[in-house]
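Commentary on secondary and tertiary structure
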Amino acid sequence: MCDSKKASRPRPVVGGFFCLGPGSAHYTAAMLWTKALHIVFIASWFAGLFYLPRIFVNLAMVPPESVAERERLLLMARKLYRFMTILAVPALVLGLVLWLHYGIGRGPGQGWMHAKLLIVLLLLGYHHGCGVILRKFQAGTMRRGHVWFRWFNEAPVLMMLAAVCLVVVKPF
């Protein structure tokens, strides 16, 4: 017979994802809550990164005479951009806490974290780029077509795929 309470928790591996720092193999409730909230805020931020470019596709397809439709889509895009910016802040802060305070991804053999941090920087650039595009739509100066935005919409999907694979598989 095994103790079901002990069996329900994976055993931490020193130097692995569940480690709290060099040489430590202990979980804390605070670290697990931090990780859970980080995942929730990341998922929420990504929802915005996935949906805002879809609004851009629709904006690029609006005929010039459809002023009401254009204004409605711009209002949706502005609100979504503002909300996803708010969601990005705790996602990034909690990620930094996991990395710098709890030591996840620190130490030798953690090259995956460097690659993941590069992806995070690319995502921040993508987020900023969405803001630039939104301002161009508001000013009426955006000249790209809906097909370009359909391809632009695929970038966060690829970055999420890469980040998740790095965090789960830790290939280097």
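Further up the page is the structure itself.
Read on for a plain summary of the structure. Residue numbers here run from 1 along each chain, matching the order of that chain's written sequence. Note on the predicted model: pLDDT of at least 70 is required for a residue's local features to be given, and 80 or more for side-chain atom pairs to be given and counted; whole-chain, interface and lining totals, by contrast, use all residues. Derived side-chain values reflect all non-hydrogen atoms in the structure, with water molecules and hydrogen atoms excluded from consideration.

It is the contact of helix 2 (residues 29-61) with helix 6 (residues 155-169), at a shortest axis distance of 9 Å, that shows an interaxial angle of 150°. When the interaxial angle is binned, helix 2 and helix 6 end up roughly antiparallel. Where helix 2 approaches helix 6, its residues Phe46, Leu49 and Phe50 are matched on the opposing element by Pro156, Val157 and Met160. Here the nonpolar group is Ala, Val, Leu, Ile, Met, Phe, Trp, Tyr, Cys and Pro; Asp, Glu, Lys and Arg are the charged ones; every other residue, Gly included, is treated as polar. For the contact of helix 2 with helix 6, a count of residues per class yields 6 nonpolar, no polar and no charged. In this analysis, axes come from line fits to C-alpha atoms, helices being fitted only over the stretch in contact, and the angle between any two N-to-C directions falls in the range 0 to 180 degrees. A run of H or I in DSSP counts as a helix once it spans at least four residues, and a run of E counts as a strand once it spans at least two, with each numbered from the N terminus. Just so you know how the angles are binned, under 35 degrees is roughly parallel, over 145 roughly antiparallel, 65 to 115 roughly perpendicular, and the rest oblique. Every residue pair with non-hydrogen atoms within 4.5 Å of one another is taken to be in contact.

The computed volume of the largest pocket comes to approximately 690 Å³. Around the largest pocket, the lining is made up of 27 residues, and of these His38, Ile42, Lys116, Ala163 and Val167 lie nearest the centre. When residues of the lining of the largest pocket are traced back to their parent elements, those giving at least two are helix 2, helix 3 (67-101), helix 4 (111-139) and helix 6. Residue classes in the lining of the largest pocket are distributed as 23 nonpolar, 2 polar and 2 charged. Around the second largest pocket, the lining comprises 13 residues; the ones closest to its centre are Leu59, Ala60, Arg70, Phe137 and Met142. Elements represented by at least two residues in the lining of the second largest pocket include exactly helix 2 and helix 4. Looking at the lining of the second largest pocket residue by residue, the class counts come to 7 nonpolar, 2 polar and 4 charged. Space inside and on the surface of the protein is sampled on a 1 Å grid over the protein atoms alone, with a cavity defined as a set of points where a 1.4 Å probe fits but cannot get out and a pocket as an open set with protein on both sides within 12 Å along at least 5 of 7 lines; lining residues have an atom within 4 Å of a point. Grid points are joined across faces, edges and corners, and a volume is the space filled by probe spheres set on the points.

Our next topic: the packing of aromatic side chains. Here a Phe, Tyr or Trp ring, Trp counted by its six-membered ring, pairs with any other such ring whose centre lies within 6.5 Å, and the pair is stacked when the planes are under 30 degrees apart, edge-to-face when over 60, and tilted otherwise. Taken as a whole and judged by the stated rule, the model has 9 aromatic pairs. Judged by centre distance (4.5 Å) and plane angle (20°), the rings of tyrosine 126 and phenylalanine 152 are stacked. On the criterion of sequence distance, the pair formed by tyrosine 126 in helix 4 and phenylalanine 152 in helix 5 (residues 146-152) is long-range, its members being 26 residues apart. Like phenylalanine 152, tyrosine 126 is buried. The cut-offs for exposure are 20% and 50% of the maximum accessible area for each residue type, with area from a 1.4 Å probe on protein chains only; residues under the lower value are buried, those over the upper are exposed, and the others partly exposed.

A word on the side chain of histidine 38. Among the secondary structure elements, histidine 38 is positioned in helix 2. A polar atom in the side chain of histidine 38 sits 2.9 Å from the backbone oxygen of alanine 91. Once you skip the residues sitting within four places of it in the chain, histidine 38 turns out to touch Ala91, Leu94, Gly95, Leu98 and Lys116. Between N or O atoms, a polar contact is any pair within 3.5 Å; within protein, one atom must be a potential hydrogen donor and the other a potential acceptor, and residues adjacent in sequence are included only when both atoms are from side chains.

Below, the discussion takes up the environment of isoleucine 119. Counting through the fold element by element, isoleucine 119 comes out in helix 4. Between the alpha carbons of isoleucine 119 and leucine 158 there is a distance of 10.0 Å; along the sequence they are 39 residues apart. If we ignore the near neighbours within four places in the chain, the residues touching isoleucine 119 are Met159, Ala162, Ala163 and Leu166.

Glancing now at the packing of helix 3 against helix 4. Interhelical geometry of helix 3 versus helix 4 gives an angle of 160° and a closest axis separation of 11 Å. As far as their axial angle goes, helix 4 and helix 3 are roughly antiparallel. Of the two elements, helix 3 crosses helix 4, and the hand of that crossing is left-handed. Contacts from Arg70, Leu74, Ala77, Arg78, Tyr81, Met84, Thr85, Leu92 and Trp99 of helix 3 reach helix 4 at Met113, Leu117, Val120, Leu124, His127, His128, Cys130, Gly131, Leu134, Phe137 and Gln138. Taken together, the residues of the contact of helix 3 with helix 4 sort by class into 13 nonpolar, 5 polar and 2 charged. Working rule for handedness: look at the near helix, and if it is turned counterclockwise from the far one by less than a right angle, call the crossing left-handed; if clockwise, right-handed.

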